[in-house]
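Observations on the three-dimensional arrangement
In case you want the letters, here they are:
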Amino acid sequence: MRSLIFNFIKRSVLVQVVVTAAVLALLLTLGGRAATASQAKLTPAAAAAPDLSGYSSSLYDSFEQLTDGALIGTLSGLDGALSDKVVCYQPTDRSQLAMAEGSTAPWNGGAMLITGTDTENQLAAMHRAKVGSDLTLTVIGRDTYPYTVTRIDAGVTEENLASYLQENTLVVAFPYKNLAVGSNADLYIVCIAEPA
């Protein structure tokens, strides 16, 4: 009788161990695939150069001479993962980044604030930015201006973005929802870059 009870306990424990091991192996396999898929989504492939057809490029001395939606140039960097059109003030579609009012021309030692609204596409690569990352602003009809990220701040309100504009800087801001306080207000991650 005693050996019968011992065999029963041994089999029930053995079955539980085998089933638990099989379930863990399955979960690890599925978890590894999910992690790989999410990493692939967070690590964008090299960005294609933006289509600049349909934009006219005329020379101007200051940004004040441009109208809403006028093409300024492109912002690129992060080892080819970032390449987006930059337009003046109000973008006409979600594929464009906007230069904020108050920005001044980089060829005059100015400060530019570039914002985006669609972080799934436009500035998705900016999540990879870190201090020391290279960014390049190419201004149509002018020149190419290389910058290096020197600081990254998070939790910046829209009202405080303009305070980041200082001479000889490029400021790139991309929004995220402030769900922690129960509101849908956008906060911004701000990358401050100086000439390289």
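This text gives an overview of the structure that appears in the document. (Residues numbered from 1 in each chain as written. Predicted model: local features only at pLDDT ≥ 70, side-chain atom pairs only at ≥ 80, totals over all residues. Heavy atoms only, no water.)

By size, the foremost hydrophobic cluster in this structure holds 32 residues, and its most contacted members are Met126, Leu135 and Leu170. Of all the secondary-structure elements, those providing two or more residues to this core are strand S1 (71-77), strand S2 (82-88), strand S3 (96-99), strand S4 (111-115), strand S5 (134-139), strand S6 (144-157), strand S7 (169-177) and strand S8 (186-195). With residues up to four places along the chain from it excluded, the contact list for Leu170 reads Leu75, Met112, Ile114, Leu135, Tyr147, Cys191, Ile192 and Ala193. Ranked by size, the runner-up nonpolar core spans 10 residues in total, among them Leu161, Tyr164, Val171 and Ala173. (Core = buried A, V, L, I, M, F, W, Y, C linked by side-chain atoms within 4.5 Å. Buried < 20%, exposed > 50% of the residue type's maximum accessible area, 1.4 Å probe, protein only. Helix = DSSP H or I, 4+ residues; strand = E, 2+ residues; numbered from the N terminus. Contact = heavy atoms within 4.5 Å.)

Okay, the environment of Ser103 next. Relative to the helices and strands, Ser103 is located in the loop between S3 and S4. By relative accessible area, Ser103 is classed as buried at 2%. Put simply, Ser103 and Leu170 are 67 residues apart on the chain and 9.3 Å apart in space, counted from C-alpha to C-alpha. When neighbours within four sequence positions are excluded, Ser103 is seen to be in contact with Phe63, Glu64, Ala111, Met112, Leu113 and Leu165. Engagement of the side chain of Ser103 in a polar contact is seen with the backbone oxygen of Ala100, the distance being 2.8 Å. Within the structure, Ser103 has its side chain in polar contact with the backbone nitrogen of Leu113 (distance 3.0 Å). (Polar contact = N/O pair within 3.5 Å; in protein donor to acceptor, adjacent residues only side chain to side chain.)

This part covers unusual backbone geometry. In this structure, Leu78 takes a positive phi of about 55° despite not being glycine. Inspection of the secondary structure assignment puts Leu78 in the loop between S1 and S2. Classification of Leu78 as buried rests on a relative accessible area of 7%. Even without a glycine there, the phi angle at Asn168 is positive, about 60°. Counting through the fold element by element, Asn168 comes out in the loop between S6 and S7.

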